[in-house]
Amino acid sequence: MPYAIAIDGPAGAGKSTIAKILAKELSLIYVDTGALYRAVGYYVTTQGISPEDEAAVAASLEDVRVDLKYVNGEQRVFVNGEDVSGEIRTPAMSMAASRVSAIPAVRTFLLHTQRDIAANQSVVMDGRDIGTTILPDAKVKIFLTASPESRATRRFAELQEKGDPATYDEVLADMIKRDYDDSHREISPLRQAEDAVLVDTSGDTLEQSVARIKAVVAQQLEG
Ligand code: DC
């Protein structure tokens, strides 16, 4: 029987880095669901549609196909057949993703994509509503968080490595706004599932966070 490990939490808490390591060690497929919302944000932006124009975004979904594929074990995301995995990783696309993710039609559109992936294979899936909405029966649920400052520090370092010109203050401000919007939207807001284990990684090194998560997973898989 396939099983799922759901990791939810705000941006920059280390979800994707930790989920990838976990998936590799347990030989599971890693699914980064944020990439799906980013792909929709990218699509509407390139079509000249505002990510806040709910009616126009909803109507545009008829013309868009979003697929996740695995190339050499790595997730790639495709919009109408075009690999946009690199293009979606900018601060502007983070904001566009957050905006379109508040639109009910977008969440419904991506719901089946996410459930289908988890239906036939065991997965580590990260996002905002995996434990609450997408995979409520996930065997392990973790809510991964950290202080806004430590999350912004990590995200800032990632962006600097890519040569992105964003400043620390901009990254922190964007993160606080995105957290607020993601937690206060009406549909499937970011929140901890009742049966999720809370892990706060503020001040942890990556190795410490991974060790803590592995301990939770081992305990939950046994239980
Ligand atoms: O995880 P990320 O930063 O790539 O996600 C980008 C945005 O997509 C995030 O601000 C909110 C949205 N999102 C969501 O609403 N539900 C998910 N399961 C994953 C992401």
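Further up the page is the structure itself.
Residues numbered from 1 in each chain as written. Predicted model: local features only at pLDDT ≥ 70, side-chain atom pairs only at ≥ 80, totals over all residues. Heavy atoms only, no water.

> Looking at this structure, I do not really get the nonpolar core. What am I missing?
Generally speaking, a soluble globular protein has its nonpolar side chains buried in company with each other. Formed by 37 residues in total, the largest nonpolar core has its most connected members in Val77, Val106, Val123, Met125 and Leu135. Looking at this core, the elements that each hand over two or more residues are strand 1 (4-8), helix 2 (34-46), strand 3 (66-71), strand 4 (74-79), helix 4 (91-100), helix 5 (104-119), strand 6 (123-127) and helix 6 (130-134). Other than its neighbours up to four places away in sequence, methionine 125 contacts Ile5, Ala6, Ile7, Val31, Thr33, Gln114, Ala118, Ile130, Ile134 and Leu135. One finds Ile5, Leu144, Val199 and Val217 within the second-largest nonpolar core, a separate group that totals 18 residues. (Core = buried A, V, L, I, M, F, W, Y, C linked by side-chain atoms within 4.5 Å. Buried < 20%, exposed > 50% of the residue type's maximum accessible area, 1.4 Å probe, protein only. Helix = DSSP H or I, 4+ residues; strand = E, 2+ residues; numbered from the N terminus. Contact = heavy atoms within 4.5 Å.)

> Quick question: what am I supposed to make of the environment of isoleucine 213 here?
Turning to its location among the elements, isoleucine 213 is positioned in helix 9 (residues 206-222). Look at isoleucine 213 and you get buried, because its relative accessible area is 0%. Residues isoleucine 213 and arginine 76, 137 residues apart in the sequence, show an inter-C-alpha distance of 25 Å. With sequence-adjacent residues up to four places away left out, isoleucine 213 is seen in contact with Ile18, Leu22, Ile142, Leu144 and Val199.

> Hey, could you run me through the site of the ligand in this one?
Within the structure, the ligand sits among 15 residues, and Arg38, Arg107, Arg128, Arg178 and Asp182 are positioned closest to it. In the model, an oxygen atom of the ligand is placed 2.9 Å from a nitrogen or oxygen of the arginine 128 side chain. Residue aspartate 129 places a side-chain N or O atom 3.2 Å away from a nitrogen atom belonging to the ligand. Bound to the protein, the ligand loses 97% of the 450 Å² it would expose on its own. Mapped onto the shell around the ligand, the elements with two or more residues apiece are helix 2, helix 4 and helix 8 (168-184). Take the shell around the ligand: its biggest share by element is 3 residues, from helix 2. When its residues are assigned to classes, the shell around the ligand shows 3 nonpolar, 5 polar and 7 charged. (Near = heavy atom within 4 Å. Polar contact = N/O pair within 3.5 Å; in protein donor to acceptor, adjacent residues only side chain to side chain. Areas by Shrake-Rupley, 256 points an atom, 1.4 Å probe, with all protein chains shown as cover. Nonpolar A, V, L, I, M, F, W, Y, C, P; charged D, E, K, R; others polar.)

> Looking at this structure, I do not really get the sheet that holds strand 7 (residues 140-145). What am I missing?
As a general point, the strands of a sheet are linked pairwise by backbone hydrogen bonds and lie either parallel or antiparallel. Strand order in this open sheet of 5 strands is 2-6-1-7-8, and the pairing throughout is parallel. Each end of this open sheet is capped by a strand with a single partner; those strands are strand 2 (29-32) and strand 8 (197-200). Strand-to-strand twist of the sheet, defined as the mean angle between neighbouring strand axes without regard to direction, takes the value 20°. Of the pairings in the sheet, the one linking strand 1 to strand 7 comprises 4 bridges and is parallel in character. Its bridge partner lying in strand 7, isoleucine 5 is registered against valine 140. (Pairing = 2+ DSSP bridges. Axes fitted to C-alpha atoms, helices over the stretch in contact; angles between N-to-C directions.)

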